[in-house]
Amino acid sequence: MLLLVQNRGRMTSDDLAAELEVSKRTILRDVEALSEAGLPMIVRPGRGGGIELGFNYRTRLTGLAADEAEALGVLLGRRAPELAALGLTDSAARATTKLIESLPDTSRAIAKRAAAQFRLRPTELPEDERVSALAEAVRRRRVVRIRARGPGARTVHPLGLTFGASGWEVVDALDPSTSIPLAECGTINISSQVFSVPPP
């Protein structure tokens, strides 16, 4: 919210709520919290009013050279099917907007221009429901049984997922030196049992 108001100027609580996908009440509560934290939040009531920053206050993601801002713009402009497979498309879009908005004016303009000028065509990925299920198992540290309905069933502790030329692979905490290709996992069964992550 701070970055939006900083870069766009005065905004109504309704506009901020819609942009940040929260309730108007949350916006007003956050304005109060920011004010209590010492930030110069100004709320102007009535027609033409809104929320703005006073005293020319600025917060910035500083220190980016022009070529760094350009590279960042290209990266952030890329549609990543890997994120869709992990259920993170909307989260990535929100994070991208916030990151771009946090840049100083010059860097932000360079990044936006680069995102429009240089486009990385995404590789289409075959849909596989096991990817999102395994991603959730990784997040929650759930024990997983692979090849669950056949011979060679195996229990794994999914520490992570990697994506490369051969597709998705599961990193097993029980044997982290060798990844297991998803193509070899067959039917998976995600347990409610939680495993502990070994020290690095």
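Residues numbered from 1 in each chain as written. Predicted model: local features only at pLDDT ≥ 70, side-chain atom pairs only at ≥ 80, totals over all residues. Heavy atoms only, no water.

Engineer: What am I meant to see in the overall build of the protein chain here?
Structural biologist: The helix and strand tally for the protein chain stands at eight helices and eight strands. Scaling as 2.2 N^0.38, a compact globule of 200 residues should have a C-alpha radius of gyration of about 16 Å, whereas the protein chain reaches 22 Å, well beyond that. Along the first, second and third principal axes, the C-alpha atoms of the protein chain reach 70 × 40 × 30 Å. Buried positions account for 31% of the 200 residues belonging to the protein chain. In the protein chain, once contacts between residues fewer than 6 apart in sequence are set aside, the share between residues at least 24 apart is 57%. Working note: accessible area of the protein chain is about 12,500 Å², and carbon and sulfur atoms make up 52% of it. Within the protein chain, one finds 27 positive and 24 negative side-chain charges whose respective centroids are separated by 3 Å. (Helix = DSSP H or I, 4+ residues; strand = E, 2+ residues; numbered from the N terminus. Rg over C-alpha atoms; globule rule 2.2 N^0.38 Å. Buried < 20%, exposed > 50% of the residue type's maximum accessible area, 1.4 Å probe, protein only. Contact = heavy atoms within 4.5 Å. Areas by Shrake-Rupley, 256 points an atom, 1.4 Å probe, with all protein chains shown as cover. Lys, Arg positive; Asp, Glu negative; His and termini not counted. Charge placed at Lys NZ, Arg CZ, Asp CG, Glu CD.)

Engineer: Looking at this structure, I do not really get helix H3 (residues 24–36). What am I missing?
Structural biologist: Owing to its 3.6 residues per turn, the α-helix brings residues three or four apart onto one side. Over its 13 residues, H3 extends 19 Å from the first C-alpha to the last, a length consistent with the 18 Å expected when each residue adds 1.5 Å. Of the surrounding elements, those touching the buried residues of H3 are helix H2 (13–20), strand E1 (41–44) and strand E2 (50–53). Phi turns positive, to about 100°, at Gly38, one or two residues after H3. (Expected span 1.5 Å × (residues − 1).)

Engineer: Hey, could you run me through the sheet that holds strand E8 (residues 189–194) in this one?
Structural biologist: Sheet strands line up and pair through hydrogen bonds in the backbone, either parallel or antiparallel. If you walk across this open sheet you meet the three strands as E4-E3-E8, and the pairing is antiparallel. Every other strand in the sheet has two partners, leaving strand E4 (154–156) and E8 as the edge strands with one partner each. The mean angle between the axes of side-by-side strands here comes to 30°, regardless of whether they run parallel or antiparallel. As paired strands, strand E3 (residues 142–146) and E4 are joined by three bridges and run antiparallel to one another. Residue Val144 lies in a different strand from E4, and its bridge partner there is Val156. (Pairing = 2+ DSSP bridges. Axes fitted to C-alpha atoms, helices over the stretch in contact; angles between N-to-C directions.)

Engineer: In this structure, what is going on with the pairing of E1? I would like to understand it.
Structural biologist: Pairing of E1 with E2, which is carried by four bridges, proceeds in the antiparallel orientation. In the sheet register, Arg44 faces E2, and the bridge partner there is Gly50.

Engineer: Quick question: what am I supposed to make of the packing of aromatic side chains here?
Structural biologist: We describe a pair of aromatic rings using the distance from one ring centre to the other and the angle between the two ring planes. For the structure on display, the rule yields one aromatic pair. Arranged with centres 5.0 Å apart and planes meeting at 55°, the rings of Phe163 and Trp168 form a pair that is tilted. Judged by relative accessible area, which is 35%, Phe163 ranks as partly exposed. Judged by relative accessible area, which is 12%, Trp168 ranks as buried. (Phe/Tyr/Trp six-rings, centres within 6.5 Å; stacked < 30°, edge-to-face > 60°.)

Engineer: What should I look at first to understand the sheet that holds strand E5 (residues 158–164) in this one?
Structural biologist: The three strands lie next to each other as E5-E6-E7, forming an open sheet whose pairing is antiparallel. With partners counted over all chains shown, the strands left at the sheet margins are E5 and strand E7 (179–181), one partner each. The mean angle between the axes of side-by-side strands here comes to 30°, regardless of whether they run parallel or antiparallel. Of the strand pairs in this sheet, strand E6 (residues 167–172) and E7 are connected by three bridges, and their pairing is antiparallel. Among the inter-strand pairings, Val171 is bridged to a residue of E7, identified as Ser179. Strands E5 and E6 of the sheet are contacted by helix H8 (residues 129–140), whose axis makes an angle of about 140° with E5.

Engineer: Explanation requested: helix H4 (residues 66–77) in the structure shown.
Structural biologist: Along its 12 residues, H4 runs 16 Å from first to last C-alpha, staying within 8% of the 16 Å computed at 1.5 Å per residue. Among the structural elements, helix H6 (89–102) and helix H7 (105–117) are those in contact with the buried residues of H4.

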